[in-house]
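A closer look at the structure
Here's the letter readout for the chains.
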Amino acid sequence: MAPEKDPDELKKGFCWKLCQSRLCLVLVFLGMAAGIAVSVPMVLLSKSLRERFAPDMKWWQKTIVYQIYPRSFQDSDDDGVGDLRGITSRLDHFQYLNVKTIWLSPFYPSPMRDFGYDVSNYVDVDPKFGNLSDFDDMLKTAHGKDLRVVIDFVAGHTSSDHPWFQLSQNRTSPYEDYYIWANGTTLPNRTIVEPSNWMSVFGNSSWQWSDERRQYYYHAFLAKQPTLNYRNPTVVEEMKNVIRFWMDRGVDGIRVDAIPYIMVSEDYYQDQARNYTATAVWTKPAYYITNLTKNVPDIGDIVKGWREVLDSYEDSDDDDDKSRFMIVELYDTPEVRNRYFEYGADMPFNFDLVTALDNHYQVHGNFCAAICIRDAINNVYDNLPKGKWANFVLSNHDNRRAASRMGELYVDAVNMVLLTLRGTPTTYYGEEIGMEDIFVSYQDTQDPFGKKYGPEKSRDPERSPMQWDDNKNAGFTNSSHPWLAVHPNYTHVNVEWEKNSTNTTTLKVYRDLAILREEPSLQYGLLKFTDVNPDILSYLRSAEEHPHFLVVINFGQVPVTHDFPGALVNRGQGRVKVVTSQAANEGRFAKDSSVPLTQIKLQPGDGLVLELAESGK
C-alpha cells in the first residue's frame, strides 16, 4: 500500500504550482490594486483624520506652565524672602487651578547681585531658599500631586564669586580658559584699552579688567557676571553635568536663560559695526549691530548637546511620557527663534504678545487692542515651522504685569486669550488673581538694573510678594520687612478672597479656562479668526467630532454690539462656558446660558467662550 501523503506537502505543491502560473501574477496585481484603493482615500482624508483623532502630544504641549519667582512666592521661615518650603506648602494651589507644570526661577547659591542670575554654585540651593533636602521634598511632593517641575538653567555666565572664576583668574589649571579672557588693545599712544567695542546688555563695555590676571574678561551682563567659554570642551562637559545633576534628582525640564548671549565670536578684537537705525546712545548695546555677541551660529552645537543629555533620561521615568523639556529664552524675530527649534529646543520662548503690548503703547500712546493682538498671534502661527509647537507669554519677572499694562478691566480678557490659543501658555505668578505692579522708590529699589538706570528701568514692580489672603503682608510672610512691599490692594486682590467669594472673580475665571482648555478643540484643534475689528477679537477653535468653541472679547474702550458672519450664525446659538468676571457680576451673561450669535452686546473688557450648539463641518 502506497504511503499517505502529508497534507502540508500537498499544500506546498499546490502553492508552488499556482505561483508558477499566470494566475499568481493576477492575484498579486489585484492585491496591490486593493491596497492602493484603500490607501488613497486614507491619504485624501488625512486632514480630516488628523483633526478627528488626538495627536501624540507631549506633556509640555498640554500643560499650563506657571512661573514661580521663589523670592516672592511664600516665606516659610519669616525672614521676608520666599523659599522652597514655602513653595511646597502652596502646591495645592496648582491643583485648584488645574495647572500641571511649575517653573522655578533661580534658587542656586548666589551673592544676589542679580537675584540668582549670578550663580556661584550650580549644584546646590542658596541658604535663603533652603537646602537640597528641601528641594527634594518639594519635587517629591509636586510629583505626588501630578505636577511637573522645570528649573532655570543660567547657562551663559556665573557669578564672579564662583570658584571656577576665582581659579580661572589666577590661572589655576584646568580653569585658565573656563571664561573668555583677552589682552587689551594697545593704542598708538601706548594706552591699553578694551579688546573691542562690544557692549554689555546692561550698558557700557562688556570687557572688565582683572588686576590679578592682567587681562580683560568678557561679561554679557553685569561685570560681576563673567561669561563662560563654551569653546572649551571641558566647560561644555561641566555644564552637561549640571543638567545631569538635576535630571538625576527627577527634574522634568530646564528653561535656559538668555540663550543668545552664551557665546560670542572667536575674534575678540573685531569691533561691531555701528547700527545707524538705532536711536540708542553710545553707552547702550543697540548702538551697535550685535552679530558678534548675540545668536552666533556655534550656539547650535551646545544646544544639541544639551538635547542629547535630556533625551538620555527618557527611559528613566515610570510614567508614559518620559520626555524632558527644554525651553530657551530670547527676545527676537520668528526667523531667529526658529533656529533654536532646529538646534534641539522643544520651544524658544515667544514674547510677541509682550513686545506688542509694549511697542504699541510706545508708538501710539494707547494699549494694544484687538487688531494688534490678532496680528501678534498671526505672526507666531504664520512663521511656525511645520510640526513645531507654539507658546505664548503675557508677563514675567522682567516685564510689567498684565493688569498694569492693560488695566484692571482687561485682566480676565487677556487671561482668556492666553489660555484659549493653540500652544503652551506660560502664566507669571499672581496673574491668575490680577496682581498689579507696585510702586518702588529709587531709595527702596532692589533691582541692580533699576539702581543703575533709575526706577523707570527697575524690574522690582512686577516682582512683589504673592497675595494669598488679607492678613498682614498678604499671607506671604510674618516678617515685618518683606524683601519688597506688598501691593496695597491685597485686601481684595488675593487668592483666599477670590476663591471664596460668591461673585465671579479673576481667579475663578482663570480656573474655568484652565479646566476648559483640556477640551480637544482647545488643546490641539484648529484656530481660525472669525471677525476682528478695532474693538472685537474673536476666533474659532475646532477639532473634528468634538465641541467647537467661539472666543469673543471686547478689547475696545466703548460698548459694542456685534453680529457674527452668516456661516457662524447658521450654526445656531452658543452656550456660555466661560465669562469674564465683570460681565458675569453685572448680569450680562451667565455660565451655561444660551447666547444667539447675532446682536452680542459686550462692554469693554467683556469676554465669552461659547460652545457652539452645532459643530458643523
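Residues numbered from 1 in each chain as written. Predicted model: local features only at pLDDT ≥ 70, side-chain atom pairs only at ≥ 80, totals over all residues. Heavy atoms only, no water.

The name given to the protein chain in an unreviewed UniProt entry is Glycosyl hydrolase family 13 catalytic domain-containing protein, with Littorina saxatilis as the source organism.

**Considering the overall build of the protein chain**
Secondary structure assignment for the protein chain yields 22 helices and 21 strands. Counting the 617 residues in the protein chain, one finds 55% classified as buried. In the protein chain, the share of contacts with a sequence separation of at least 24, taken over all contacts with a separation of at least 6, comes to 67%. (Helix = DSSP H or I, 4+ residues; strand = E, 2+ residues; numbered from the N terminus. Buried < 20%, exposed > 50% of the residue type's maximum accessible area, 1.4 Å probe, protein only. Contact = heavy atoms within 4.5 Å.)

**Comments concerning the packing of aromatic side chains**
In this structure the tally under the stated criterion is 43 aromatic pairs. Here tryptophan 103 and phenylalanine 349 contribute two aromatic rings whose centre-to-centre distance is 5.6 Å and whose plane-to-plane angle is 40°, an arrangement assigned as tilted. Taken together, the residues tryptophan 103 in strand 2 (residues 101-104) and phenylalanine 349 in the loop between strand 11 (347-348) and helix 13 (352-364) connect sequence positions 246 residues apart. In this structure, tryptophan 103 and phenylalanine 349 share a single accessibility class: buried. Consider the rings of phenylalanine 115 and tryptophan 483, whose centres lie 5.2 Å apart with planes at 65°: the pair is edge-to-face. Remark: tryptophan 483 occurs in the loop between helix 17 (448-453) and helix 18 (495-500) and phenylalanine 115 occurs in the loop between strand 2 and helix 8 (132-144); sequence separation between them is 368 residues. Here the two residues phenylalanine 115 and tryptophan 483 agree in accessibility, since each one is buried. (Phe/Tyr/Trp six-rings, centres within 6.5 Å; stacked < 30°, edge-to-face > 60°.)

**A short note on the packing of helix 8 against helix 10 (residues 233-249)**
Across the interface, helix 8 lies against helix 10 with an axial gap of 10 Å and an inter-helix angle of 55°. Here helix 8 is positioned oblique relative to helix 10, judged by the angle of their axes. Along the contact surface, helix 8 presents Leu132, Phe135, Asp136 and Leu139, while helix 10 presents Phe245, Trp246 and Arg249. (Axes fitted to C-alpha atoms, helices over the stretch in contact; angles between N-to-C directions. Parallel < 35°, antiparallel > 145°, perpendicular 65-115°, else oblique.)

**A word on the confidence of the model for the protein chain**
On average, the protein chain scores 90 in pLDDT, and the residues at 70 or more come to 88%. A low-confidence stretch, residues 1-19 (pLDDT under 50), is modelled with 5 contacts involving residues beyond four sequence positions or located in other chains. Contacts for the low-pLDDT stretch residues 36-52, under 50 throughout, to residues beyond four places or in other chains number 12 contacts. (pLDDT = per-residue confidence, 0-100.)

**Points about the sheet that holds strand 11**
Ordered by their spatial adjacency, 8 strands build an open sheet running 11-10-9-3-2-1-13-12, and the pairing between neighbours is parallel. Whereas interior strands pair on both sides, the edge strands pair on one side only; in this sheet they are strand 11 and strand 12 (391-393). As paired strands, strand 2 and strand 3 (residues 148-153) are joined by 4 bridges and run parallel to one another. Within the sheet, the bridge partner assigned to threonine 101 lies in strand 3 and is arginine 148. Sitting on the sheet, helix 11 (residues 299-311) is in contact with strand 3, strand 9 (253-256) and strand 10 (325-328), with an inclination near 155° to strand 10. (Pairing = 2+ DSSP bridges.)

**Concerning the nonpolar core**
The biggest cluster of nonpolar side chains holds 128 residues, and the ones touching the most others in it are Tyr66, Phe135, Tyr230, Ile259, Trp306 and Phe555. The element that contributes the greatest number of residues to this core is helix 10, accounting for 7 residues. When neighbours within four sequence positions are excluded, phenylalanine 555 is seen to be in contact with Phe367, Ala369, Ala370, Ile373, Met406, Tyr410, Ala413, Val414, Val417, Asp535 and Leu537. Residues Ile536, Val560, Leu597 and Leu602 belong to the second largest nonpolar core, which totals 19 residues. (Core = buried A, V, L, I, M, F, W, Y, C linked by side-chain atoms within 4.5 Å.)

**Regarding the environment of lysine 140**
In this structure, lysine 140 sits in helix 8. For the pair lysine 140 and threonine 88, spaced 52 residues apart in sequence, the C-alpha to C-alpha distance is 9.5 Å.

**Describing empty space enclosed by the protein**
One pass over the full model with this rule turns up 9 cavities of 30 Å³ or more. In this structure, the largest cavity spans a volume of roughly 70 Å³. Taken together, Pro334, Arg337, Asn338, Phe341, Pro348, Asn350, Val380, Asn383, Leu384, Trp389, Ala390 and Asn391 form the lining of the largest cavity. Of all elements in the fold, only helix 12 (334-343) and helix 14 (370-383) reach the threshold of two or more residues within the lining of the largest cavity. Residue contributions to the lining of the largest cavity peak at 4 residues, all from helix 12. Taken together, the residues that form the lining of the largest cavity break down as 7 nonpolar, 4 polar and 1 charged. Approximately 60 Å³ is the volume found for the second largest cavity. (1 Å grid on protein atoms, 1.4 Å probe; cavity = no way out; pocket = protein on both sides within 12 Å on 5 of 7 lines; lining within 4 Å. Points joined across faces, edges and corners; volume = space filled by probe spheres on them. Nonpolar A, V, L, I, M, F, W, Y, C, P; charged D, E, K, R; others polar.)

**Description of the packing of helix 16 (residues 411-420) against helix 19 (residues 506-516)**
Running from amino to carboxyl end, helix 16 crosses helix 19 at an angle of 15°, the nearest separation of the two axes being 10 Å. The orientation of helix 16 with respect to helix 19, classified from their angle, is roughly parallel. As for the relative orientation of helix 16 and helix 19, their crossing is right-handed in sense. Every residue of helix 19 that contacts helix 16 at Val411, Asp412, Asn415, Met416, Leu419 and Thr420 is listed here: Thr506, Val509, Tyr510, Leu513 and Ala514. A per-class count over the contact of helix 16 with helix 19 returns 7 nonpolar, 3 polar and 1 charged. (Left-handed = near helix turned anticlockwise from the far one by under 90°.)

**Things to note about unusual backbone geometry**
A cis amide bond, omega 5°, links serine 173 with the succeeding residue proline 174. Here proline 174 lies in the loop between helix 9 (163-169) and strand 4 (181-182). The backbone of aspartate 78 sits at a positive phi, close to 60°, despite the residue not being glycine. Within the element layout of this structure, aspartate 78 appears in the loop between helix 5 (70-73) and helix 6 (84-89).

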